[in-house]
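For reference, the chains in residue letters:
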Amino acid sequence: GFLRERKKRAEAVRLTAPESRRGLGMNDWLALDIERKQRSDDASDDGPEALAEAQRAFDRYEAASNTLARELFARIASRSKTAHRASALAGLALAWAQSGILFGEPKSRAFVQALSAAKAALMADPKSALGRLAMARALSLGGSAPDLEEARREIALALQWHPDST
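Keep in mind it's a predicted model, so treat the numbers as computed, not measured.

Let us now look at the packing of helix H7 (residues 107-124) against helix H8 (residues 129-142). It is at 8 Å that the axes of H7 and H8 come closest, and there the two elements cross at 155°. Taken together, H7 and H8 sit at an angle that is classed as roughly antiparallel. The element H7 and its partner H8 pack so that their crossing is left-handed. On H8, the residues that touch Lys107, Ala110, Phe111, Ala114, Leu115, Ala118, Lys119, Ala121 and Leu122 of H7 are Gly131, Arg132, Ala134, Met135, Ala138, Leu139, Leu141 and Gly142. Partitioned by chemical class, the residues of the contact of H7 with H8 number twelve nonpolar, two polar and three charged.

See the structure below:
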């Protein structure tokens, strides 16, 4: 009884597992799980709308809204398609920088978080003007002369690549 039932279930999974994943030495259940997650991510990726919502929260210039913006940008960056990830990470960096500048977040913590998000944004899209601005803003939290000089270079680079982004 028990062994026959397991064989039947395994055969049912094998028949429904995506062909593309079977030859990779992947467990059939794992292949089905990955396929299901990819389908749900494609359906739930509302990138432009989610980015606009996070940006509205960021633009309120209130501590609670800034915290909400950080959470929204982080969620978008972790769940979104690559096309929206760079913008979400840049927004996250700007929100962390704003927390350190305006809302009393310890500058050391805000600096590390903003710098990390800005680096990730530039890794996702090295020519992003918003990513360069986020890096400049994060570096300005550092406050040292080398950081401020690097921030100026980031802004100059962003303007060189995107002269209409003023």
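So much for the structure itself; the text now carries on.
Quick look at the nonpolar core now. Ranked by size, the top nonpolar core spans 33 residues in total, and within it Phe58, Phe73, Ile76, Ala114, Ala134 and Met135 carry the most contacts. For this core, the secondary-structure elements that each account for two or more residues are helix H4 (47-58), helix H5 (63-79), helix H6 (82-102), H7 and H8. The leading source of residues in this core is H6, at nine residues. Other than its neighbours up to four places away in sequence, Ala114 contacts Ala93, Trp96, Ala97, Ala138 and Leu141.

This part takes up H4. Spanning twelve residues, H4 covers 16 Å between terminal C-alpha atoms, matching the ideal 16 Å at 1.5 Å per step. For H4, the set of buried residues is Gly47, Ala50, Leu51, Ala54, Ala57 and Phe58. Summarising the axial view, the buried residues of H4 lie within an arc of 120°, below the 170-degree limit, and thus occupy one face. Those residues of H4 that are exposed and aimed more than 90 degrees away from the buried face are Pro48 and Glu49. Contact partners of the buried residues in H4: H5 and H6.

Taking 1.5 Å of rise per residue, the 17 residues of H5 would be expected to cover 24 Å, and the 24 Å separating its terminal C-alpha atoms lies within 8% of that figure. Taken together, the buried positions of H5 are Ser65, Asn66, Ala69, Arg70, Leu72, Phe73, Ile76 and Ala77. In this structure, the buried residues of H5 make contact with H4 and H6.

With that settled, the discussion passes to the packing of aromatic side chains. Scanning all chains against the criterion turns up one aromatic pair. Here Phe58 and Tyr61 contribute two aromatic rings whose centre-to-centre distance is 6.2 Å and whose plane-to-plane angle is 45°, an arrangement assigned as tilted. Overall, the relative accessible area of 48% leaves Tyr61 in the partly exposed class. Between the NZ or CZ atom of Arg70 and the centre of the ring of Trp96, over which it lies, the distance is 3.9 Å. Its guanidinium or amino end placed over the ring of Trp161, Lys127 lies 5.4 Å from that ring's centre, counting from NZ or CZ.

To continue, consider the packing of H8 against helix H9 (residues 145-161). Closest axis-to-axis distance for the H8/H9 pair is 8 Å, and the angle between their directions is 165°. Comparing their axes, H9 and H8 come out roughly antiparallel. For the pair H8 and H9, the crossing hand works out as left-handed. Touching Ala129, Arg132, Met135, Ala136, Leu139, Ser140 and Gly142 of H8 are Asp147, Leu148, Glu150, Ala151, Glu154, Ile155, Leu157, Ala158 and Trp161, all from H9.

Residue position: Tyr61 is located in the loop between H4 and H5. Each C-alpha atom, one on Tyr61 and one on Ala95, is 9.7 Å from the other, the two residues being 34 residues apart in sequence. If we skip the residues at most four places from it in the chain, Tyr61 touches Gln98, Leu102 and Phe103.

One pass over the structure, following the stated rule, counts six salt bridges. Of the charged contacts in the structure, one is a salt bridge between Arg152 and Glu149, with a shortest N-O distance of 3.6 Å. Here the residue Arg152 and the residue Glu149 both occupy positions in helix H9, the gap between them amounting to three residues, near one helical turn. Classification of Arg152 as exposed rests on a relative accessible area of 52%. Classification of Glu149 as partly exposed rests on a relative accessible area of 38%. Note that Glu150 and Arg153 form a salt bridge whose closest N and O atoms lie 2.5 Å from each other. Of this pair, Glu150 and Arg153 both sit in helix H9, separated by three residues, roughly a single helical turn. Judged by relative accessible area, which is 44%, Arg153 ranks as partly exposed.

Conventions used here
Starting afresh in each chain, residues are numbered from 1 along the sequence in its written order. Where local features are concerned, this predicted model is filtered to residues with pLDDT of at least 70; where side-chain atom pairs are given and counted, the filter is 80 or more; whole-chain, interface and lining totals use all residues. Computation of side-chain values: all heavy atoms of the structure, hydrogens and water removed. With axes taken as lines fitted to C-alpha atoms, and helix axes fitted only over the stretch in contact, angles between N-to-C directions fall between 0 and 180 degrees. Numbering of helices and strands runs from the N terminus; a helix is a DSSP stretch of H or I covering at least four residues, while a strand is a stretch of E covering at least two. Any angle between 65 and 115 degrees counts as roughly perpendicular, while under 35 counts as roughly parallel, over 145 as roughly antiparallel, and the rest as oblique. The handedness criterion is simple: a crossing whose near helix is rotated anticlockwise from the far helix by less than a right angle is left-handed, and one whose near helix is rotated clockwise is right-handed. Here a residue-residue contact requires only that any non-hydrogen atoms of the pair lie within 4.5 Å. Three categories are distinguished: nonpolar for Ala, Val, Leu, Ile, Met, Phe, Trp, Tyr, Cys and Pro, charged for Asp, Glu, Lys and Arg, and polar for the others, with Gly belonging to the last. Residues belong to one nonpolar core when they are buried, are Ala, Val, Leu, Ile, Met, Phe, Trp, Tyr or Cys, and are joined through side-chain atoms within 4.5 Å. A 1.4 Å probe rolled over the protein chains alone gives each residue an accessible area, and that area as a share of the maximum for its type sets the label: buried under 20%, exposed over 50%, partly exposed in between. Given a helix with a known number of residues, its expected span is that number minus one, times 1.5 Å. Here the arc refers to the set of directions running from the helix axis out to each C-beta atom. In summary, the pairing rule links any two rings of Phe, Tyr or Trp, Trp by its six-membered ring, whose centres are within 6.5 Å, and it sorts them by plane angle into stacked for under 30 degrees, edge-to-face for over 60 and tilted for everything else. We count a charge as sitting over a ring when the NZ of a lysine or the CZ of an arginine lies within 6 Å of the ring centre and within 35 degrees of the ring normal. Between Lys or Arg on one side and Asp or Glu on the other, a salt bridge is scored when a side-chain nitrogen of the former is within 4 Å of a carboxyl oxygen of the latter.

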